[in-house]
Amino acid sequence: MTDVVLILALAVLLAWPLGRYMARVFSGQRVFTDFLTPAENGLYRLMGVDPARGMNWRGYGMALLWSNFAMAVVLYGVLVFQGSLPLNPDRVGGMSWDTALHTAASFVTNTNQQHYSGQAQLSYLSQMMLTWFMFVTPAVGLAALVAILRAFTGRDGNLNEHTHTNLDERTRGNLGNYYVDVTRGLTRVLIPLSLVWALLLSAQGVPSTFEGARTVQLIDPQTVTAGGQTATVTEQVIPVGPVSALVAIKQLGTNGGGYYGPNSAAPLENPTPLSNLLQTLAILLIPIAQVFMIGYLLGGRFGRMVFGVMATFSLSFIALIVALERQPNPAFAGLAAPGGNWEGKEIRFGIDPSALWATLTTQTSNGSVNAMHDSLNPLSGAVTLVDMFINAAWGGVGVGAINFLLYVMLAVFIAGLMVGRTPELFGRRLEAREIKLVSLVILLQPLLILLPTALALGLGLANNSNPGHHGISQVLYEYTSAFANNGSGFEGLGDATVWWNMSCAAVLVLARFIPILAPLAIAGFMAAKRVAPVTSGTLRLESPAFAVTTFSVIVIVQLLNFVPVLVLGPVAAHLAGGR
């Protein structure tokens, strides 16, 4: 439990100054990284971008879509033809078309859901391409959040100015420049942090090399039999590569896709207790920092309300899953020594840090693992599912806070109905057009999770390892993970099929871009409205009553959406003794 408290305390202490720094970066104030401005201007000239040109929500959204589409096409080509491309010392062949399509969709959506094993099916060039996507896609999410916040702050989007004024008729609707926001997210936030983390991880023994796989002599030779032939194996091939750089950004960018198939449960990817602490801390750092950034931009009291609601969810789930994993695995009743659930966990980490990682990686859109989620106790698995259903307790870089703001809008609308007033958000009226878009995003979740889950199970396409209640959980988890831009999974699912690749790719793309574009549209509509004066009847978004309202709205929405399927899956598995 000491590890749990230490990691949470460090995350808050480091996120506080980072959030202030991020607020200054994206509001155009002077920061110590301004020496990067000439290099950034060179990138803008190379891209043909005018950094002083602002965009309305349509322009911002189109730039986001087209840039991500172009990146996905390039990545797909690299994956399919990697066998003929350089930086492939182990001579790995090209991916199949469906796995490559799923992988491109997965990484362009900051999900990193893997239907392949990285060390066996990717060349160094492909791994480096995926690492680059791990930088760009969280920067895209962060840029979208910043654009939305500008609409609510009443400031123009010209990041070349060090001071801002209230929007007038000429500048109203300017959400900033997409390419400038993404570039600054990369150069000022993600790359510097990742450089520090990669060096720290390399110091702990995480590989960082372009040399080929290492061949080592086994201390204890193994005798194997295959095809009627018996042979003695005296050597083992150990894949290495530029691992530490990928691991650093996979954690900091809430990406989660590991260099090795077992992810951070692999000894080379996460070799020591200190590397485990660093990686767990990295999961939370930027998601919490963006909450502090919201406080600096929208007001400290509102930021404290957001932090309070998110922290309440987070701490509740941490306490619950740690307590659950300290209980014996019911499937091993009478077969193992009494004690906590050690199945699927690394002895070098232990139960509490593994349970903490499991809930933090699903509270954010990280999705990396240091233990096998499929081996969690059934109700612990339910906790990870609920984390992803909420998808806003802390959430992913950028998108987690956007999801929370959608819940805030819904809570404002409901509170307005309760008191008989037109709902207002930061002084601007929420009208039918905005509420319809909020409703669209919220209703999209059960549609994209429950419908494909039902089809996979009903049509016999699930290809899951467990025919019981846990088999339902395996399928449900995969689509929930795809929707939440998470990427983790209940292993035991044979997901390297055309059905799984195509159905998950569709969920990945729709669940990433609609929940970004709809709030962008809402922000554009809100930015064009005049600010109403504050009166005694104005809803106080920073009040404890509104925090409770927002918390309750989130709980009620998710209960209505997913309680039945949770009862059929993890709850029934718990009652059936873990099956």
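Residue indices follow the written sequence of each chain, beginning from 1 at its first position. For a predicted model such as this one, the threshold for reporting local features is a pLDDT of at least 70, and the threshold for listing and counting side-chain atom pairs is 80 or more; totals across whole chains, interfaces and linings nevertheless cover every residue. Heavy atoms from the whole structure form the basis of all side-chain values; hydrogens and water molecules are not counted.

(A) Representation of the overall build of the chain within the structure. What counts as a helix is a DSSP run of H or I of at least four residues, what counts as a strand is a run of E of at least two, and both are numbered from the N terminus. Per the secondary structure count, the chain includes 17 helices and 4 strands. Computation of the radius of gyration draws on C-alpha atoms, with the globule rule given as 2.2 Å multiplied by the number of residues to the power 0.38. Taking 25 Å as the expected radius of gyration for a compact globule of 579 residues, we find that the chain reaches 24 Å, a close match to that expectation. C-alpha atoms of the chain, sized along the principal axes, occupy 80 × 55 × 45 Å. Exposure is judged per residue with a 1.4 Å probe applied to protein chains only, and the accessible area is read against the type maximum: over 50% gives exposed, under 20% gives buried, and values in between give partly exposed. When each of the 579 residues of the chain is scored for burial, the buried share is 57%. Residue contacts are counted whenever heavy atoms from the two residues lie within 4.5 Å of one another. Residue pairs at least 24 apart in sequence account for 77% of intrachain contacts in the chain once pairs closer than 6 positions are excluded. Counting rule for charge: Lys and Arg are taken as positive, Asp and Glu as negative, and neither His nor the chain ends is counted. Just so you know, the charge point we use is NZ for Lys, CZ for Arg, CG for Asp and CD for Glu. Within the chain, one finds 30 positive and 28 negative side-chain charges whose respective centroids are separated by 14 Å.

(B) Representation of the packing of aromatic side chains within the structure. Only rings of Phe, Tyr and Trp enter the pairing, Trp through its six-membered ring, and a pair is recorded when the two centres are within 6.5 Å. The plane angle decides the type: under 30 degrees is stacked, over 60 is edge-to-face, the rest tilted. Counted according to the given criterion, the structure contains 17 aromatic pairs. Taken together, a centroid distance of 5.9 Å and an interplanar angle of 5° make the contact between Trp16 and Phe292 stacked. Of the two residues, Trp16 sits in helix 1 (residues 2-26) while Phe292 sits in helix 9 (residues 273-298), which places them 276 residues apart along the sequence. Relative accessible area serves as the criterion here: at 17%, Phe292 is assigned to the buried category. Centre to centre, the rings of Phe313 and Phe317 are 6.2 Å apart; their planes meet at 20°, and the pair counts as stacked. With a gap of 4 residues between them, Phe313 and Phe317 both fall in helix 10 (residues 300-325), about one helical turn apart. Judged by its relative accessible area of 13%, Phe317 falls in the buried class. Put simply, the rings of Trp16, Phe292, Phe307 and Trp394 pair up and form one aromatic cluster.

(C) Spotlight on the pairing of strand 1 (residues 214-226). At least two bridges found by DSSP between two strands are what make those strands a pair. Where strand 1 lies against strand 2 (residues 229-238), 9 bridges are found, and the strand directions are antiparallel. What sits directly across from Arg214, in strand 2, is Ile238. Turn length for the strand 1-strand 2 hairpin, with the two strands adjacent in sequence and antiparallel, is 2 residues, and the turn residue Gly227 shows positive phi of about 60°.

(D) Highlighting the nonpolar core. Here, nonpolar core refers to any group of buried Ala, Val, Leu, Ile, Met, Phe, Trp, Tyr and Cys residues whose side-chain atoms link them within 4.5 Å. Ranked by internal contacts, the top residues of the largest apolar core, which has 141 residues, are Met22, Phe152, Ile286, Met293, Phe302 and Leu425. For this core, the element with the most residues is helix 6 (residues 124-153), which contributes 19 residues. Contact partners of Met22, with chain neighbours within four places excluded, come to Leu142, Val189, Ile286, Ala289, Gln290 and Met293. Core analysis: the next-biggest nonpolar cluster, separate from the first, contains 27 residues, Ala456, Ala462, Phe483 and Ala484 among them.

(E) Representation of the packing of helix 1 against helix 9 within the structure. It is the contact of helix 1 with helix 9, at a shortest axis distance of 6 Å, that shows an interaxial angle of 45°. Taken together, the axis directions place helix 1 and helix 9 in an arrangement best described as oblique. Two packed elements cross with a definite hand, and for helix 1 against helix 9 that hand is right-handed. In the scheme used here, Gly and all other residues not listed as nonpolar or charged are polar, with Ala, Val, Leu, Ile, Met, Phe, Trp, Tyr, Cys and Pro taken as nonpolar and Asp, Glu, Lys and Arg as charged. Class assignment of the residues belonging to the contact of helix 1 with helix 9 gives a composition of 24 nonpolar, 3 polar and 1 charged. Comment: axis = line fitted to C-alpha atoms, over the contacting stretch for helices; angle = value between 0 and 180 degrees taken between N-to-C directions. Just so you know how the angles are binned, under 35 degrees is roughly parallel, over 145 roughly antiparallel, 65 to 115 roughly perpendicular, and the rest oblique. Should the near helix be turned anticlockwise from the far one by less than a right angle, the crossing is termed left-handed; should it be turned clockwise, right-handed.

(F) The arrangement of the packing of helix 12 (residues 378-390) against helix 15 (residues 469-483) in detail. The N-to-C vectors of helix 12 and helix 15 enclose an angle of 30°; their axes lie 9 Å apart at closest approach. One element, helix 12, and the other, helix 15, form an angle in the roughly parallel class. When you trace helix 12 past helix 15, the crossing you get is left-handed. Facing Thr384, Leu385, Met388 and Phe389 of helix 12, the residues of helix 15 in contact are Leu476, Tyr477, Thr480 and Ser481. Split by residue class, the contact of helix 12 with helix 15 holds 5 nonpolar, 3 polar and no charged.

(G) Region of the structure containing a nonpolar patch on the surface. Each patch is assembled from residues with relative accessible area greater than 30% and no salt bridge, linking like charges that lie within 9 Å and nonpolar side chains (Val, Leu, Ile, Met, Phe, Trp, Tyr) that lie within 5 Å. Note on areas: Shrake-Rupley, 1.4 Å probe, and residue coverage restricted to the protein chains presented here. We define a salt bridge as a contact between a side-chain nitrogen of Lys or Arg and a carboxyl oxygen of Asp or Glu at a distance within 4 Å. Together, Met62, Leu65, Trp66, Phe69 and Val73 line one region of the surface with nonpolar side chains, adding up to about 510 Å² of accessible area. Within the secondary structure, Phe69 sits in helix 3 (residues 57-80).

(H) Summary view of the side chain of Asn110. By the secondary structure assignment, Asn110 is in the loop between helix 4 (97-108) and helix 5 (118-121). The class for Asn110 is buried, based on a relative accessible area of 0%. Every residue in contact with Asn110, bar those within four places of it in the chain, is listed here: Thr137, Pro138, Gly253, Thr254, Asn255, Ser365, Asn485 and Arg512.

(I) Spatial organisation of the environment of Ala511. With respect to the secondary-structure elements, Ala511 resides in helix 16 (residues 498-527). Taking the C-alpha atoms as reference points, Ala511 and Leu385, separated by 126 residues in sequence, lie 16 Å from one another. Apart from residues lying up to four places away in sequence, Ala511 is in contact with Leu448, Ala482, Phe483 and Asn485.

(J) Layout of the pattern of salt bridges. The final tally for this structure, using the stated rule, is 11 salt bridges. Across the salt bridge formed by Glu346 and Arg348, the nearest N and O atoms sit 2.4 Å from each other. The partly exposed category is assigned to Glu346, whose relative accessible area is 25%. Overall, Arg348 belongs to the partly exposed group, its relative accessible area being 25%. In this structure, Lys529 and Glu431 form a salt bridge, with 3.1 Å as the shortest nitrogen-oxygen distance. Separated by 98 residues along the polypeptide, Lys529 in the loop between helix 16 and helix 17 (544-575) and Glu431 in the loop between strand 4 (428-429) and helix 14 (432-458) bring together distant segments of the chain. Judged by its relative accessible area of 40%, Glu431 is partly exposed. Here the salt bridges do not stand alone but share partners, grouping Glu431, Arg433, Glu434 and Lys529 into one network.

The quantities given are spatial measurements derived from coordinates; they are silent on function.
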